[in-house]
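Residues per chain are reported as follows:
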Amino acid sequence: MRFEFIVDQHVKIKTFLKKHDVSKGLLAKIKFDGGAIRVNGQPQNATYLLNIGDHLVIDIPSEEDVTGSLEPISHPLEIIYEDEHFMVINKPAGFASIPSILHSSTIANFVKGYYLEQGYENKQVHIVTRLDRDTSGLMLFAKHGYAHARLDKQLQQKLIQKRYFALVRGSGSLEKKGEIIAPIGRPEDSIITRCVMSTGKYAHTSYEIVQSWGDIHLVDIRLHTGRTHQIRVHFAHIGFPLLGDDLYGGSMEHGIERQALHCHRIGFFNPFSEKELICESDLTNDFKSVIMNLQNKK
């Protein structure tokens with residue numbers, strides 16, 4: 001895959017490329033695995049001193065996934081957006097993002113199968129944003145390692161916006177808008193659950209109520225950090241666990257058998273097109289059914 005730059009600094013190639021998120025590891029791959037660096041049409045190495053106005057071209061070798069560690073599985077994908085660098089899919093509830101001892105038929109397997117069916121040059125699966133098995137909605141993928149590196153930088157700078165809809169229920173009053181800032185960690189007696197604890201990692205969740213039916217609220221949530229089970233833990237912590245989330249004390253009385261959580265919006269800056277990209281996803285049928293029943297009872 002080829003990338004081109006017009007140089008705007010009098011620096012070494014490796015210094016210039018570092019500012020464009022090309023890591024030392026990727027430079028090594030270019031050097032040893034069949035890539036190339038050219039300046040004004042001439043081959044150069046990473047220590048070559050650039051001049052302003054130079055035309056720099058890098059050829060990054062394809063990713064063959066030589067380990068074969070991820071089994072490709074043919075399965076339909078609902079693709080919301082795709083270009084040569086990124087892909088956003090609408091994940092159904094009930095599928096884990098990546099394989100584990102408990103899960104072997106996952107979204108990552110399906111994406112690998114799709115790449116092979118399409119005959120894509122790069123065959124490694126790069127997940128940028130994951131979702132829990134029973135959470136539905138948008139997942140963002142990078143289609144090659146360089147694209148992943150560029151979005152990782154946005155993740156670190158908290159520039160990728162992820163918003164969720166959730167149905168929560170509690171006995172107290174829930175403010176119309178709020179910020180939940182509470183550290184999350186894993187208790188010693190569990191490998192699955194998380195909880196708010198003083199020794200946990202910083203976690204920040206913003207929310208706004210969209211609609212209410214008595215003690216049940218549809219909330220629009222923005223994540224500022226990405227801790228495991230963050231939304232579920234934070235809302236359980238303030239006394240408003242998600243419907244269907246029996247792991248954290250959520251009500252199972254409203255016809256939804258998984259946590260009522262859906263990633264409905266992802267926004268990020270596409271560094272290759274230099275445009276802001278926003279993808280949105282409609283609620284799933286089980287989510288809509290609960291809302292319809294609540295509206296009919298009102």
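Summarised in this report is the structure supplied together with it. Predicted model only: the values in this text are computed from it and were never measured.

## Section: the environment of Leu-56
- Tracing the sequence through the fold places Leu-56 in strand 4 (residues 55-59).
- We classify Leu-56 as buried; its relative accessible area is 0%.
- Each C-alpha atom, one on Leu-56 and one on Arg-38, is 5.9 Å from the other, the two residues being 18 residues apart in sequence.
- Contact partners of Leu-56, with chain neighbours within four places excluded, come to Phe-3, Glu-4, Phe-5, Val-7, Ile-13, Phe-16, Leu-17, Ile-37, Arg-38, Val-39 and Leu-50.

## Looking at the pattern of salt bridges
- Counted under the stated rule, the structure contains 15 salt bridges.
- Residues Asp-21 and Lys-153 are paired through a salt bridge, measuring 3.3 Å at the closest nitrogen-oxygen approach. Taken together, the positions of Asp-21 in the loop between helix 1 (13-18) and helix 2 (24-32) and Lys-153 in helix 4 (residues 145-156) put the pair 132 residues apart, joining distant regions of the chain.
- In this structure, Arg-169 engages Asp-215 in a salt bridge whose closest nitrogen and oxygen atoms are separated by 3.1 Å. Placement of the pair is Arg-169 in strand 9 (residues 161-169) and Asp-215 in the loop between strand 13 (204-213) and strand 14 (216-223), with a sequence separation of 46 residues.
- The class for Arg-169 is partly exposed, based on a relative accessible area of 27%.

## Here's the deal with the sheet that holds strand 4
- Judged by pairing direction, the sheet is antiparallel, and its four strands sit side by side in the order 1-4-2-3 without closing on themselves. The outermost strands of the open sheet, each flanked by one partner alone, are strand 1 (2-6) and strand 3 (42-43).
- The pairing of strand 2 (residues 36-39) with strand 4 spans four bridges and is antiparallel. Bridge pairing in strand 4 places Arg-38 opposite Val-57.

Cut-offs and rules
Residues numbered from 1 in each chain as written. Predicted model: local features only at pLDDT ≥ 70, side-chain atom pairs only at ≥ 80, totals over all residues. Heavy atoms only, no water. Helix = DSSP H or I, 4+ residues; strand = E, 2+ residues; numbered from the N terminus. Buried < 20%, exposed > 50% of the residue type's maximum accessible area, 1.4 Å probe, protein only. Contact = heavy atoms within 4.5 Å. Salt bridge = Lys/Arg side-chain N within 4 Å of Asp/Glu carboxyl O. Pairing = 2+ DSSP bridges.

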